[in-house]
There are 2 protein chains.
Amino acid sequence: MKYSTRDKILDAVYKLVYINGCNGTSIDMILKECSIPKGSLYHYFKSKKEMVLTVVKERIAPKMHEFYDLEKVKKEDGVDIMVRAILKVSQKEELVKFGCPLNRLNQEMSPVDDDFAKAINFIYDRMKSDILSALKDSSIKADVDLDSLAQFIIATVWGSLSLSPRHSSIKRYLNTINHLVSYLESLKY
Amino acid sequence: MKYSTRDKILDAVYKLVYINGCNGTSIDMILKECSIPKGSLYHYFKSKKEMVLTVVKERIAPKMHEFYDLEKVKKEDGVDIMVRAILKVSQKEELVKFGCPLNRLNQEMSPVDDDFAKAINFIYDRMKSDILSALKDSSIKADVDLDSLAQFIIATVWGSLSLSPRHSSIKRYLNTINHLVSYLESLKY
DNA sequence: TTTAGTTTAGACTATTTGGTCTAGTGGAGG
DNA sequence: CCTCCACTAGACCAAATAGTCTAAACTAAA
């Protein structure tokens, strides 16, 4: 299985943009990171923007999906599935250190670029609706508004991670998120 | 009362950096925004970095403080003070639209610049300890860990705001934050 | 009114930026 | 072996970038 130039580029861009932000990452940094000449880069992508947008779709989207799409197969309580997913986040070192890549890019680019806003929003919506369907399939009391709860879960996890990189650590993340878990448990009938 | 050049600069930088980010804001944009020549700008600040760092200390810090420092004078339950502060956030249009300015700058700059990390962390710590003291002076059950609760509150508010600018609105913010309020209420004895 | 210091003014510079262009190279199919 | 085309290579470019410098215009105090 060969490691294609295109993949090399996308991996490098993902990594650099994740840490330095989109505006903080220059073409030269990317070229240096993956040791390819400029010609190759512009052979695969027509602009920097298209490159980063591709990273959103082909790198960030799957990573986001991976997080909450754990074995739904089992007939398990939706809340428990969610809780396990949220706790699992702590195992991803980079997440605790740098926060959610989607959230970071959202904050940087959405206010100033509609194409980014759309692409990011798309992923966000899918994530939210998947969380929603997990919650629907759970023992949560009937009077709880699940839509806002799904949003609350995302907000809290993103927020906990965004205290990074200076204020957070795995332990701290878990302490913080523990309150979310208690709250979710308290909503069961 | 005159509107000094220095203040004009800081206001412009605050506004531009808030929306476009630090790397997304050029010196020329700043000059144009406040219609001053380059000489003046570099008379007051020796570099762009120093300028933005000054904005953190003289613009963002007071704004953050203003939010949670509401009439503590009254002998009121700390939780109620917090809840009122959190709800009040929704009245600040720009907050709901663009998120918390401290959080945004934190995510962009902290991973790549220690001076920013320190300055931002300083404000964060002060905010957290103020929240903590409000919580200590409240009717929250004794077995609740207040430190992590303070962190949870910040994380949730920041997270709710960071769903912006594409996913949020005042209504949505309140819906989301409503879960936080319920949780806080449930912690009272 | 002179003087000294602060503030304004903007032309100028060196570097970095994203992006183009043309020439070559390598490997798969004929 | 040849041919063709995807890919590599990096020199080159115009624009934007942060920051410098010198001169002038204020302003307040003597």
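Quick summary incoming for the structure in this document. This is a predicted model, so every value here is computed, not measured.

Contacts between the two partners involve 43 residues from chain B, matched on the other side by 43 residues from chain A. Summing the contributions of chain B and of chain A, the shared interface buries around 3,800 Å²; its carbon and sulfur component is 56%. There are 0 salt bridges connecting chain B and chain A. One can count 15 residue pairs in polar contact (both at pLDDT 80 or more) joining chain B with chain A.

Now for the pattern of salt bridges. Within this structure, the stated rule accounts for 24 salt bridges over all chains. Here the salt bridges share partners, and the residues they tie into one network are A:Asp7, A:Asp11 and A:Arg59.

Bringing the relation of the copies chain B and chain A into the picture now. Under the fitted operation, chain B is carried onto chain A by 0.0 Å of movement along the axis and a turn of 180°, and the coordinates agree to an RMSD of 0.0 Å. Interpreted geometrically, this transformation is the action of a two-fold axis. Looking at the rotation axis and the C-alpha trace of chain B, the residue lying nearest is B:Gly159, at 1.9 Å.

The subject of this paragraph is the protein's contact with DNA strand C. Taken together, 15 residues lie near DNA strand C, and A:Ile27, A:Lys38, A:Lys48, B:Thr5 and B:His43 sit nearest. Among all atoms of DNA strand C positioned within 4 Å of the protein, those belonging to sugar or phosphate total 59%. For DNA strand C, a base oxygen lies 2.3 Å from a polar atom in the side chain of A:Lys38. Here a phosphate oxygen of DNA strand C sits 2.7 Å away from a polar atom, N or O, in the side chain of B:Thr5. Every element with two or more residues in the surface near DNA strand C is listed here: helix 2 (27-34) and helix 3 (38-44) of chain A together with helix 3 (38-44) of chain B. Residues belonging to the surface near DNA strand C are distributed by class as follows: 4 nonpolar, 7 polar and 4 charged.

Another point: the protein's contact with DNA strand D. Taken together, 14 residues form the shell around DNA strand D, and within it A:Thr5, A:His43, B:Ile27, B:Lys38 and B:Lys48 come nearest. Protein-adjacent atoms of DNA strand D, using a 4 Å cutoff, are sugar or phosphate at a proportion of 63%. Within the contact set of DNA strand D, a phosphate oxygen lies 3.2 Å away from a side-chain nitrogen or oxygen of B:Tyr42. Of all the secondary structure elements, the ones that give two or more residues to the surface near DNA strand D are helix 3 of chain A together with helix 3 of chain B. With 5 residues, helix 3 of chain A is the largest single contributor of residues to the surface near DNA strand D. Looking at the surface near DNA strand D, its residues break down into 4 nonpolar, 7 polar and 3 charged.

Here we take up the layout of surface pockets. All names here are of chain B. When its volume is computed, the largest pocket comes out at roughly 350 Å³. Lining of the largest pocket is provided by 21 residues; of these, Lys63, Met64, Phe67, Val89 and Leu95 occupy positions nearest its centre. Those elements that place two or more of their residues in the lining of the largest pocket are helix 4 (48-68), helix 5 (78-88), helix 6 (93-98), helix 8 (114-136) and helix 9 (146-162). When residues of the lining of the largest pocket are assigned to their parent elements, the largest contribution, 5 residues, is made by helix 9. Looking at side-chain class alone, the lining of the largest pocket contains 15 nonpolar, 1 polar and 5 charged residues.

The tally for this structure, following the rule as stated, stands at 5 cavities of 30 Å³ or more. Space inside the largest cavity adds up to approximately 270 Å³. Broken down by secondary-structure element, the contributors of at least two residues to the lining of the largest cavity are helix 1 (5-20), helix 4 (48-68) and helix 7 (101-109) of chain A together with helix 1 (5-20), helix 4 and helix 7 (101-109) of chain B. A per-class count over the lining of the largest cavity returns 16 nonpolar, 5 polar and 4 charged.

Conventions adopted
Residues numbered from 1 in each chain as written. Chains lettered and ligands numbered in written order. Predicted model: local features only at pLDDT ≥ 70, side-chain atom pairs only at ≥ 80, totals over all residues. Heavy atoms only, no water. Contact = heavy atoms within 4.5 Å. Buried area = accessible area lost by both parts, 1.4 Å probe. Salt bridge = Lys/Arg side-chain N within 4 Å of Asp/Glu carboxyl O. Polar contact = N/O pair within 3.5 Å; in protein donor to acceptor, adjacent residues only side chain to side chain. Least-squares fit on C-alpha atoms with pLDDT ≥ 70 in both. Near = heavy atom within 4 Å. Helix = DSSP H or I, 4+ residues; strand = E, 2+ residues; numbered from the N terminus. Nonpolar A, V, L, I, M, F, W, Y, C, P; charged D, E, K, R; others polar. 1 Å grid on protein atoms, 1.4 Å probe; cavity = no way out; pocket = protein on both sides within 12 Å on 5 of 7 lines; lining within 4 Å. Points joined across faces, edges and corners; volume = space filled by probe spheres on them.

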